[in-house]
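Observations on chain architecture
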Amino acid sequence: MATIDETRPFIPVGIAVLTVSDTRTPETDRSGDTLAARIAEAGHRLVARAIEPDDVGAIRARVEAWTREEAIDVVITTGGTGFTGRDVTPEALEPIFEKRMDGFSEVFHRISYDKIGTSTIQSRATGGVLNATFVFVLPGSPGACKDAWDGILRAQLDYRHMPCNFVEIMPRLDEHLKRSAG
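To start, this report covers the structure provided alongside it. Everything numeric in this text was worked out from a predicted model, so none of it was measured. (Residues numbered from 1 in each chain as written. Predicted model: local features only at pLDDT ≥ 70, side-chain atom pairs only at ≥ 80, totals over all residues. Heavy atoms only, no water.)

This part is about the sheet that holds strand E7 (residues 133-138). The 6 strands are arranged E3-E2-E4-E7-E6-E5 in an open sheet whose pairing can be described as mixed. The open sheet has two edge strands, strand E3 (45-52) and strand E5 (99-100), and neither has a second partner. Lying on the sheet, helix H1 (residues 30-42) is in contact with strand E2 (14-20), E3, strand E4 (74-78) and E7; it crosses E3 at an angle near 175 degrees. (Pairing = 2+ DSSP bridges. Helix = DSSP H or I, 4+ residues; strand = E, 2+ residues; numbered from the N terminus. Contact = heavy atoms within 4.5 Å. Axes fitted to C-alpha atoms, helices over the stretch in contact; angles between N-to-C directions.)

Below, the structure written as structure tokens:
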């Protein structure tokens, strides 16, 4: 079973939060606030935060730029994962993932199902790797952000989490690029 190994040091990571919305403002962005608070409580660094409209080009440009910043290890988006015509976050990001993380979506839906039942199928939460940076695409509700952070990300972004975690493999996410260049 998963445990925290107290003999290992805590290693804070740099995280960027992108809210995808045509209507939210910094004053009304409850989901972004939820993530920012949890990131700080866990001891990580909130390196960047922004709001972009439901536009494939804008979402993709912001996330791609952030994944090229050395201080950012993880990008978390919130919003735009539903089925309406304006929900385009997965379309913006999945095509540019170098590796998809199918398990993230599966575990997210398992956690969400326990709270909202079959309504979880209305989310297209996803995750992947881009430019040696983890990218997680969450629904726009504060509850979904809590579920993803509390149920998955808090543990996986803690180097002390055993038997394994994302932090310990971060230095190796670009091995394929190094191998190709050599």
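Let's shift gears to the nonpolar core. Of all hydrophobic cores here, the largest spans 28 residues; its most connected members are Ile15, Ile76, Phe134 and Phe136. If you list the elements that add at least two residues to this core, you get E2, H1, E4, helix H4 (102-116), E7, helix H5 (142-156) and helix H6 (166-169). The dominant element in this core, judged by the number of residues it contributes, is H5, at 6 residues. When residues no more than four places from it in sequence are discounted, the contact partners of Ile15 are Ile39, His44, Arg45, Leu46, Val47, Ala48, Val74, Ile76, Trp149 and Leu157. Leu18, Trp66, Ile72 and Phe97 belong to the second-largest nonpolar core, a separate cluster that totals 18 residues. (Core = buried A, V, L, I, M, F, W, Y, C linked by side-chain atoms within 4.5 Å. Buried < 20%, exposed > 50% of the residue type's maximum accessible area, 1.4 Å probe, protein only.)

Take the side chain of Asp87 next. You can see Asp87 is positioned in the loop between E4 and helix H3 (89-93). The side chain of Asp87 sits in the buried core without any salt bridge; Arg124 is the nearest counter-charge, 5.9 Å away. Within polar-contact distance, the side chain of Asp87 engages the backbone nitrogen of Phe83 at 3.3 Å. Among all residues touching Asp87, those that are not within four sequence positions of it are Gly80, Thr81, Gly82 and Arg124. (Lys, Arg positive; Asp, Glu negative; His and termini not counted. Salt bridge = Lys/Arg side-chain N within 4 Å of Asp/Glu carboxyl O. Polar contact = N/O pair within 3.5 Å; in protein donor to acceptor, adjacent residues only side chain to side chain.)

Scanning all chains against the criterion turns up 14 salt bridges. Note that Arg49 is salt-bridged to Asp33, the shortest N-O span being 2.7 Å. Taken together, the positions of Arg49 in strand E3 and Asp33 in helix H1 put the pair 16 residues apart, joining distant regions of the chain. Across the salt bridge formed by Arg172 and Glu175, the nearest N and O atoms sit 3.5 Å from each other. With a relative accessible area of 38%, Glu175 lands in the partly exposed category. Residues joined in a network through salt bridges with shared partners are Glu6, Asp158 and Arg160.

Turning our eyes to something else, we now look at H5. The terminal C-alpha atoms of H5 lie 20 Å apart, and with 15 residues this matches the ideal 21 Å at 1.5 Å per residue to within 8%. Taken as a whole, H5 carries its principal kink of about 45 degrees at Trp149. Those residues of H5 that fall on the buried side of the exposure criterion are Pro142, Ala144, Cys145, Asp147, Ala148, Trp149, Ile152, Leu153 and Gln156. (Expected span 1.5 Å × (residues − 1). Bend = angle between axes of the 7 residues up to and from the residue.)

With that settled, consider the pairing of E4. Across the 5 residues of E4, 5 count as buried, placing the element largely inside the fold. Residue alternation in E4 divides its side chains into two sets, Val74, Ile76 and Thr78 and Val75 and Thr77, and both sets are buried. Strand direction decides the pairing type here: E4 and E7, joined by 5 bridges, are parallel. Each residue of the ladder has a partner; that of Ile76, found in E7, is Phe136.

Nothing here speaks to function; it is all geometry.
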